[in-house]
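Fold and contact review
Chain residues, written in single-letter form:
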Amino acid sequence: MVQLRPRASRAPASASAMVDEGQPASEEAEHGLLLGQPSSGAAAEPLEEDGDGDDDLDDEAPEELTFASAQAEARAEERRVRETARRDKTLLKEKRKRREELFIEQKKRKLLPDTVLQKLTTASQTNIKKSPGKLKEDKSQKKNEECEKGNESKKVKEKIQSIGQNKSYLARRLKDQDLRDSRQQAAKAFIQNSLYGPGTNRTTVNKFLSLNNKRLPVKKAAAQFLNNGWGKVQLYFLCYDSFIY
Amino acid sequence: MGEFKVHRVRFFNYVPSGIRCVAYNNQSNRLAVSRTDGTVEIYNLSANYFQEKFFPGHESRATEALCWAKGQRLFSAGLNGEIIEYDLQALDIKYSMDAFGGPIWSMAASPSGSQLLVGCEDGSVKLFQINPDKIQFERNFDRQKSRILSLSWHPSGTHIAAGSIDYISVFDIKSGSAVHKMLVDRQYMGVSKRKCIIWGVAFLSDGTVISVDSAGKVQFWDSATGTLVKTHLVANADVQSIAVSDQEDSFVVGTAEGTVFHFQLVSVTSNSSEKQWVRTKPFQHHTHDVRTVAHSPTALISGGTDTHLVIRPLMEKVEVKNYDAALRKITFPHRRLISCSKKRQLLLFQFSHHLDLWRLGSTVATGKTSGKFLVPGKHGDTLPLSKDADHLLQLKTKGPENIICSCVSPCGSWIAYSTASRFFLRRLNYEHDNLSLHRVSKMPACLRSAVQIMFSEDSTKLFVASNQGSLHILRLLEGSFKHLHTFQAQSGTVESMCLLAVSPDGNWLAASGTSAGVHVYSVKRLKLHCTVPAYNFPVTALAIAPKTNNLVIAHSDQQIFEYSIPDKQYTEWSRAIQKQGFHHHWLQRDTPITHIGFHPKRPAHILLHDAYMFCIIDKSLPLPNDKTLLYNPLPPTNESDVIRRRTAHAFKISKKYKPLLFMDLLDEGTLVAVERPLDDIIAQLPPPIKKKKFGT
């Protein structure tokens with residue numbers, strides 16, 4: 001809402017001027033109100049003008065724009081917008097292209113050399129015979145040849161005739177192997193814990209063997225000190241011996 | 001003569017692996033023993049408890065269960081989740097089958113021997129059918145909550161008892177579902193925090209289930225009602241194993257404290273027919289956990305973490321009370337793990353995953369004094385070392401397999417060893433105190449899994465006995481080899497691991513191990529020369545004497561034969577001693593002879609040793625009869641003439657160096673003795689259970 005300041009006391013002017021001023025001023029003010037111009041700048045204008053007492057501007061009609069000029073302006077605007085859109089599109093396209101190339105290069109770097117890949121594809125078509133001694137793989141671990149070529153962690157199966165470089169491969173699916181290993185580790189940990197873990201009543205071998213020494217009538221030292229084996233004092237010696245002949 | 005410089009070697013750090021499972025086969029009287037490193041050994045209990053065969057260990061094959069099935073088939077299962085069948089003739093693994101249940105904790109063969117039951121980590125019990133060539137999965141039983149640690153079949157084959165953690169389940173075979181679930185009290189020394197692990201169960205034919213658990217209790221349950229009948233608290237620690245005899249009138253349990261208890265079914269009073277189980281005898285032969293026990297018709301067998309295999313014959317079951325009824329404790333290996341190069345004074349020690357090469361030290365002092373500073377050598381003197389023993393080389397094997405056998409050539413330039421999948425040959429070059437090692441690559445695949453390797457005396461030929469029974473001869477060239485010949489397996493079943501002997505002149509090769517007897521091959525003509533007649537006890541050591549080419553064979557019943565290879569018959573001396581018979585003390589030794597050697601200058605001397613004595617047999621002296629003293633206890637310097645005349649017989653035995661792993665004559669005046677005191681082994685074992693003694 002525009003707050004209209006109370007009109008400042010005007011300098012007494014001719015009555016007609018007063019009448020004229022009053023009407024256009026009020027018209028303008030109404031105009032401003034009716035139009036509902038939200039910007040306070042536009043509403044403040046008439047007030048300032050009122051204040052200045054610049055009556056000419058108030059009297060002036062708004063600028064007249066010819067249709068042609070407006071059309072030209074609109075077209076120019078459109079063109080500008082179109083151009084910016086096009087530029088943006090081309091920029092984006094280029095960016096995308098560059099990214100794609102980068103990805104392709106990275107992928108290429110990750111893959112095995114072409115020669116090996118070729119050999120693999122030809123080999124997968126031949127009949128693959130497994131050696132009977134190496135049947136350690138699970139049935140679940142039997143991998144078909146459609147493994148992702150990019151995954152380097154999967155090794156080549158044994159006895160592929162065309163690849164004669166290194167015949168000591170053994171194919172294992174690592175996912176299953178991890179599960180198997182973790183279960184085996186858990187089992188070993190269980191046994192270790194139940195036999196030697198906390199709560200079991202274990203002692204060292206030295207203490208165990210020294211118990212007897214403690215109870216002798218003449219107490220002897222612990223086995224660790226008495227026993228040659230622990231101290232590793234004399235592991236090798238030459239001695240002189242004779243036997244009857 | 002008679003005076004030797006003796007190299008006493010104690011730096012062979014041999015520690016055997018603990019015993020994990022034993023399985024007794026009644027029909028053939030054989031015992032299968034599996035160790036914690038995966039080795040499975042077969043002992044022939046009727047051949048003087050000799051270890052006749054073994055399957056080398058593997059890091060991933062930690063066996064948890066071992067059992068015999070119908071037809072002498074041996075199965076084992078372990079934490080890698082696989083069931084393995086062993087081929088006792090080819091000395092190889094037939095196949096391994098994954099049970100898909102995770103790590104396998106227990107396995108039991110049905111009383112009929114045609115089915116196999118396996119208890120797994122995930123709580124499932126799986127039934128397998130034993131077919132003539134393989135086993136086949138049949139079905140799963142109801143899955144339980146926790147891992148199945150022990151299994152036992154009812155003698156009729158209709159029910160099984162499975163021990164788990166905190167409870168025991170009884171299954172019905174036909175339906176596969178659990179019929180009863182018996183909860184076990186956790187109480188352990190007044191505290192019930194730790195879970196109660198049922199280490200062993202046994203199912204008797206009257207429906208009683210006997211369980212042993214980690215709280216130290218032996219409990220009797222009635223499987224028909226699922227209730228507890230009786231509890232015996234036998235130990236303050238875990239009771240880890242149980243075995244019932246075939247007649248079901250006695251059983252044996254092993255505890256973690258090393259004690260083995262014998263329970264027997266005795267009548268309540270002398271006339272009544274009512275019987276009850278009574279704990280009769282405790283045996284303390286072990287210091288560490290007794291992880292496994294077995295019950296043969298006449299003996300109790302136990303083995304555990306302290307690596308001894310103890311066989312205790314029961315006096316009431318033994319018919320003839322002779323030396324056979326004595327306690328047998330098998331601690332030291334029955335094969336040679338050490339080879340020696342006499343020229344360079346090298347010793348090669350074989351461990352399970354590496355080899356050690358040592359050079360012996362030397363001394364400038366001799367027994368016979370020459371300067372005024374040296375004291376004349378007395379019996380038992382320790383000589384000052386001018387050069388200490390040198391650790392030259394350590395060869396480690398890559399991979400999880402254990403080394404089966406190894407050998408160093410007499411000239412010291414070649415080392416050969418074999419695992420189950422590969423054969424390795426290495427050439428050593430000695431240049432001015434520097435040692436360099438070269439690998440000989442591309443060994444033929446037929447050499448893998450060799451059970452015995454031997455070099456010829458001049459180190460130009462290599463003889464390899466493979467586990468399939470064939471013998472290979474290779475000629476060694478400067479940095480490579482050439483395959484000369486292969487002798488195929490002869491007829492006859494494989495009775496024990498093959499032993500080889502080569503004559504010093506390189507003409508003859510002797511190989512034992514089959515039921516046909518010892519074969520002697522001519523290396524020059526590359527064909528079979530003759531066969532020593534078969535003897536019903538396996539061969540424990542074999543050697544060919546220089547110059548006379550007499551083949552000396554030692555058997556597991558302590559008999560020794562001497563066979564002349566050129567004449568193709570037993571020698572006079574051999575016939576004489578067979579006629580008279582060996583001294584009874586000689587025949588009562590428990591450990592087998594593992595090495596035979598000869599004196600280079602005296603053809604009448606044979607040097608042999610077992611774990612507790614070494615003996616020089618002088619063939620020119622008269623043989624002892626049963627009345628004379630076999631062991632001469634007096635030192636030679638103080639001896640009087642009378643005693644000397646009385647005890648002058650052919651067997652000169654010394655028990656000074658024991659326990660012996662290897663003994664040989666390096667040259668005329670030098671002996672090398674590799675000892676392994678038992679305390680040194682015990683010092684490296686895992687911790688035992690604490691024992692509380694009053695006053696300590």
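Here the structure is a predicted model, which is why all the values come from computation and not from measurement.

Conventions adopted
- Residues numbered from 1 in each chain as written.
- Chains lettered and ligands numbered in written order.
- Predicted model: local features only at pLDDT ≥ 70, side-chain atom pairs only at ≥ 80, totals over all residues.
- Heavy atoms only, no water.
- Helix = DSSP H or I, 4+ residues; strand = E, 2+ residues; numbered from the N terminus.
- Buried < 20%, exposed > 50% of the residue type's maximum accessible area, 1.4 Å probe, protein only.
- Contact = heavy atoms within 4.5 Å.
- Areas by Shrake-Rupley, 256 points an atom, 1.4 Å probe, with all protein chains shown as cover.
- Lys, Arg positive; Asp, Glu negative; His and termini not counted.
- Charge placed at Lys NZ, Arg CZ, Asp CG, Glu CD.
- pLDDT = per-residue confidence, 0-100.
- Salt bridge = Lys/Arg side-chain N within 4 Å of Asp/Glu carboxyl O.
- Phe/Tyr/Trp six-rings, centres within 6.5 Å; stacked < 30°, edge-to-face > 60°.
- Pairing = 2+ DSSP bridges.
- Axes fitted to C-alpha atoms, helices over the stretch in contact; angles between N-to-C directions.
- Patch = residues over 30% accessible without salt bridge, like charges linked within 9 Å, V, L, I, M, F, W, Y side chains within 5 Å.
- Polar contact = N/O pair within 3.5 Å; in protein donor to acceptor, adjacent residues only side chain to side chain.
- Core = buried A, V, L, I, M, F, W, Y, C linked by side-chain atoms within 4.5 Å.
- Arc of directions from axis to C-beta.

When you go through chain A residue by residue, the secondary structure sums to 9 helices and 1 strand. What you see in chain A, going N to C, is helices and strands ordered as α-α-α-α-α-α-α-α-α-β. Among the 245 residues that make up chain A, the fraction classed as buried is 20%. The long-range fraction of contacts in chain A, counting pairs at least 24 apart against all pairs at least 6 apart in sequence, stands at 48%.

Another point: the overall build of chain B. The helix and strand inventory of chain B stands at 4 helices and 56 strands. By principal-axis analysis of the C-alpha atoms, chain B measures approximately 85 × 60 × 50 Å. By residue count, 59% of the 696 residues in chain B fall in the buried class. As displayed, chain B has an accessible area near 28,000 Å², and 50% of this comes from carbon and sulfur atoms. Within chain B, the 61 negative side-chain charges are centred at a point lying 4 Å from the centre of the 79 positive side-chain charges.

All right, on to the confidence of the model for chain A then. It should be kept in mind that the predicted coordinates are not to be read in detail where pLDDT is low. Residue and element names in this part refer to chain A. Mean pLDDT over chain A stands at 66; residues scoring 70 or higher make up 49%. Ranking the elements of chain A by mean pLDDT puts helix H2 (residues 40–52) last with 44 and helix H4 (residues 67–110) first with 93. Between residues 13–53, whose pLDDT stays under 50, and residues either more than four places distant or in other chains, the model counts 27 contacts.

Here we come to the pattern of salt bridges. Residue and element names in this part refer to chain B. By the definition in use, this model includes 20 salt bridges over all chains. Across the pair Arg-589 and Asp-610 runs a salt bridge whose closest N-O atoms are separated by 2.4 Å. Of this pair, Arg-589 sits in the loop between helix H2 (584–587) and strand E51 (595–598) while Asp-610 is found in the loop between strand E52 (605–609) and strand E53 (614–618), placing the two residues 21 residues apart along the sequence. Since its relative accessible area comes to 7%, Arg-589 is described here as buried. Residue Asp-680 pairs with Arg-676 through a salt bridge whose shortest N-O separation is 3.9 Å. When sorted by exposure, Asp-680 lands in the same class as Arg-676, which is buried. The structure contains a network of salt bridges with shared partners spanning Arg-8, Arg-10 and Glu-675.

Here we take up the packing of aromatic side chains. Residues and elements named next belong to chain B. All told, the structure shown has 24 aromatic pairs over all chains when counted by the stated rule. A centroid spacing of 5.8 Å and a plane angle of 45 degrees characterise the contact between Phe-141 and Phe-171, whose relative ring orientation is tilted. In this pair, Phe-141 is assigned in the loop between strand E13 (135–140) and strand E14 (150–153) and Phe-171 in strand E16 (residues 167–172), connecting sequence segments 30 residues apart. For Phe-141, a relative accessible area of 4% corresponds to the buried category.

Let us now look at the sheet that holds strand E10 (residues 104–109) of chain B. Residues and elements named next belong to chain B. Read from one edge to the other, the open sheet built from 4 strands follows the order E10-E11-E12-E13, with strand pairing classed as antiparallel. Two strands bound the open sheet, and with one partner strand each, they are E10 and E13. Geometrically, the sheet is characterised by an average inter-axis angle of 25 degrees between neighbouring strands, direction not taken into account. Direction of pairing for strand E11 (residues 115–120) relative to strand E12 (residues 125–130): antiparallel, over a ladder of 5 bridges. Paired with Leu-116 across the two strands is Phe-128, which belongs to E12.

All names here are of chain B. What the 4 strands build is an open sheet, ordered E30-E31-E32-E34; its pairing is antiparallel. Each end of this open sheet is capped by a strand with a single partner; those strands are strand E30 (338–341) and strand E34 (390–396). The mean angle between the axes of side-by-side strands here comes to 20 degrees, regardless of whether they run parallel or antiparallel. Inspection of the sheet shows E30 paired to strand E31 (residues 346–350) by 4 bridges, in the antiparallel sense. Bridging from a neighbouring strand, Ser-339 pairs with Leu-348 of E31.

A contiguous patch of positive charge, built from Arg-75, Arg-79, Arg-82, Arg-86 and Arg-87 of chain A, is present on the exposed surface. Inspection of the secondary structure assignment puts Arg-87 of chain A in helix H4.

Turning our eyes to something else, we now look at the side chain of Asp-98 of chain B. Residues and elements named next belong to chain B. In this fold, Asp-98 is placed in strand E9 (residues 92–98). For Asp-98, a relative accessible area of 14% puts it in the buried group. Engagement of the side chain of Asp-98 in a polar contact is seen with the backbone nitrogen of Phe-100, the distance being 2.9 Å.

Our focus in this paragraph is the nonpolar core. In terms of nonpolar packing, the biggest core is built from 24 residues, with Val-9, Phe-12, Ile-338, Leu-347, Phe-349 and Val-674 of chain B touching the most fellow members. Element by element, the count of residues in this core is highest for strand E55 (residues 660–667) of chain B, at 3 residues.

Moving on, we get to the pairing of strand E35 (residues 405–408) of chain B. Residues and elements named next belong to chain B. Here E35 shows no split at all, with Cys-405 and Cys-407 on one side and Ser-406 and Val-408 on the other all buried. As judged from the 4 bridges shared by E35 and strand E36 (residues 414–418), these two strands associate in the antiparallel manner. Paired with Ser-406 across the bridge in E36 is Tyr-417. Linking E35 back to E36 in an antiparallel pair, the connection comprises 5 residues, with Gly-412 at a positive phi of about 85 degrees.

A word on unusual backbone geometry. Residues and elements named next belong to chain B. With a phi angle near 55 degrees, Gln-345 is a residue other than glycine that sits in the positive phi range. Position of Gln-345 among the secondary structure elements: in the loop between E30 and E31. Overall, the relative accessible area of 21% leaves Gln-345 in the partly exposed class. In this structure, Ser-459 is a non-glycine residue whose phi angle is positive, near 60 degrees.

Next up on the list: helix H1 (residues 572–580) of chain B. Residues and elements named next belong to chain B. Looking only at H1, the buried set comprises Trp-573, Ser-574 and Ile-577. Angularly, the buried residues of H1 cover 100 degrees about the axis, an arc narrow enough to put them on a single face. Seen from the buried face of H1, the exposed residues on the opposite side, beyond 90 degrees, are Glu-572 and Lys-579. At its buried positions, H1 is contacted by strand E49 (560–564), strand E50 (569–570), E53 and strand E54 (651–654). Taken from the residues just after H1, Gly-581 is the one with a positive phi, measuring 90 degrees.

Turning our attention to the side chain of Thr-594 of chain B. Counting through the fold element by element, Thr-594 of chain B comes out in the loop between H2 and E51. The class of Thr-594 of chain B is buried, set by a relative accessible area of 13%.

This paragraph deals with the confidence of the model for chain B. Residues and elements named next belong to chain B. Averaged over chain B, the pLDDT score is 88; the fraction of residues at 70 or greater is 95%. Low pLDDT (under 50) marks residues 367–376, which in the prediction has 10 contacts with non-local residues, meaning those over four places away or in another chain. Across the whole predicted complex the pTM is 0.78, and at the interface the ipTM reaches 0.82.

Glancing now at the environment of His-529 of chain B. All names here are of chain B. Looking at the secondary structure, you find His-529 in strand E46 (residues 527–532). For His-529 and Ala-294, which are 235 residues apart along the polypeptide, the C-alpha to C-alpha distance reads 44 Å. Ignoring any residue separated from it by four or fewer positions in sequence, one finds His-529 in contact with Trp-508, Val-520, Tyr-521, Ser-522, Ile-565 and Lys-568. From its side chain, His-529 meets the backbone oxygen of Ile-565 in a polar contact 3.2 Å long.

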